[in-house]
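Read off the chains here:
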Amino acid sequence: MVNGCEIRLTGMSRSGNHAIINWIWRQAEGRKCLLNCAEGGTNPFASCRPLDDGRPWRVNYGDFDIAAERRGRFSAKDLLVHSYEDTFLARVYNGAFESQHDALVGPTRRRVDVLVLRDPFNLFASRRALAASPVTPRAALRVWKQHAREFLGERGYLRHDRLTISYNRWVCDRAYRAGLAARLGLGFSDSGIDAVTACAGGSSFDGLAYDGDAGRMRVFDRWRHFLDDAEYWALFDEATVALARRIFGAATPTLAWVAWRRGERPLPN
């Protein structure tokens, strides 16, 4: 085996992917390698994209040679993470990659497929604030709905040890994070939970201002910046609202505002 544990992680940009990956990295021990935001169905060593330091990978050991890895001369790793963003799941979880897996990333003892999901209202508020995505909001919403249905178990794209992560719960529930660490076979220190990663400038609203104190960021109130933005609210169709209610709970403040805008309830306090 080349890789002890391999995590293939998918989520929407601004879903907290980098925060969660950094948290996993900080819990994990041994030789670690991250390939950032690769293209589905390709060699992630070749298609990964730059992090904040300009390199598309991160390692914690000295004998890493990206050119050799791309040619199939792999270094031993206790943890390999390759991540994917803003993509339909079939592009990542497909037979073409599976048939070439060992040649592309090396034989692995344990493979885990992870899907990260954030509630759509705060997610699309963060995306709207950043305004830098090549994916249109309508296309991104189609991707989010597919991810939500996979999260609910209504699709079957995640092929290996399947793990879904609610970013909303991950942010505020220490016991939930401990359970995730256990599922991933990691020792739990909760190190990194207060970090803000510098990739793509950090938070869409706060940048790196809360690095080291991320718990103070109002990540559940991003939608409030767009209360009077009709174009923002028009994005959320019935299917999106229904999925959000099922996954994140009907009592969330955002859903109360959605109900008000639709004339279903009085104006929330």
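Rules behind the numbers
- Residues numbered from 1 in each chain as written.
- Predicted model: local features only at pLDDT ≥ 70, side-chain atom pairs only at ≥ 80, totals over all residues.
- Heavy atoms only, no water.
- Helix = DSSP H or I, 4+ residues; strand = E, 2+ residues; numbered from the N terminus.
- Buried < 20%, exposed > 50% of the residue type's maximum accessible area, 1.4 Å probe, protein only.
- Contact = heavy atoms within 4.5 Å.
- Areas by Shrake-Rupley, 256 points an atom, 1.4 Å probe, with all protein chains shown as cover.
- pLDDT = per-residue confidence, 0-100.
- Pairing = 2+ DSSP bridges.
- Axes fitted to C-alpha atoms, helices over the stretch in contact; angles between N-to-C directions.
- Salt bridge = Lys/Arg side-chain N within 4 Å of Asp/Glu carboxyl O.
- Arc of directions from axis to C-beta.

Caption draft 1: Just the overall build of the protein, in detail. Each helix and strand in the protein was counted, giving 13 helices and six strands. Across the 269 residues in the protein, those meeting the buried criterion constitute 54%. Considering only residue pairs separated by 6 or more positions, the protein has 70% of its internal contacts joining residues 24 or more positions apart. If you sum the accessible surface of the protein, you get close to 11,800 Å²; carbon and sulfur atoms cover 49% of it.

Caption draft 2: Examining the environment of R138 more closely. Among the structural elements, R138 can be located in helix α8 (residues 137-151). Between the C-alpha atoms of R138 and F236, which are 98 residues apart in sequence, the distance is 9.5 Å. Each residue touching R138, except ones within four places of it in the same chain, is listed here: A234 and L235.

Caption draft 3: Broad picture of the confidence of the model for the protein. Averaged over the protein, the pLDDT score is 87; the fraction of residues at 70 or greater is 85%. Ignoring residues within four places in sequence, the model shows residues 198-216, a span with pLDDT below 50, making 50 contacts including any to other chains.

Caption draft 4: Region of the structure containing the environment of H225. Residue placement: H225 occurs in the loop between α10 (174-183) and α11 (230-234). Judged by its relative accessible area of 52%, H225 is exposed. Sequence separation between H225 and A125 is 100 residues; the distance between their C-alpha atoms is 7.5 Å.

Caption draft 5: Summary view of the sheet that holds strand β4 (residues 77-85). Judged by pairing direction, the sheet is mixed, and its six strands sit side by side in the order β3-β2-β4-β1-β5-β6 without closing on themselves. Only two strands of the sheet have a single neighbouring strand rather than two, namely β3 (57-59) and β6 (161-166). The average undirected angle you get between the axes of adjacent strands in this sheet is 15°. As judged from the six bridges shared by strand β5 (residues 108-117) and β6, these two strands associate in the parallel manner. Of the residues in β6, the one forming a bridge with V116 is I165. Of the strands in this sheet, β1 (3-11), β5 and β6 are in contact with α8, which crosses β5 at around 120°. Along the sheet, α10 makes contact with β5 and β6, crossing β6 at roughly 160°.

Caption draft 6: Spotlight on the pattern of salt bridges. One pass over the full model with this rule turns up 21 salt bridges. Ionic pairing is found between E69 and K77, a salt bridge with its closest N-O pair at 3.0 Å. K77 shares its class with E69; the two are buried. Look at the salt bridges and you will find they share partners, linking E6, R8, E98, R111 and D113 into a network.

Caption draft 7: Up close: helix α12 (residues 238-248). By the burial criterion, the buried members of α12 are T240, V241, L243, A244, I247 and F248. Burial along α12 is one-sided: seen end-on, the buried residues are contained in an arc of 165°. Across α12 from its buried face, at more than 90 degrees, point the exposed residues E238 and R246. One or two steps after α12, the chain reaches G249, where phi turns positive at roughly 95°.

Caption draft 8: Broad picture of the pairing of β5. Among the 10 residues in β5, eight count as buried, and that is most of the element. Bridge count between β1 and β5: seven bridges; the pairing is parallel. Counted as the bridge partner of I7 is V112 from β5.

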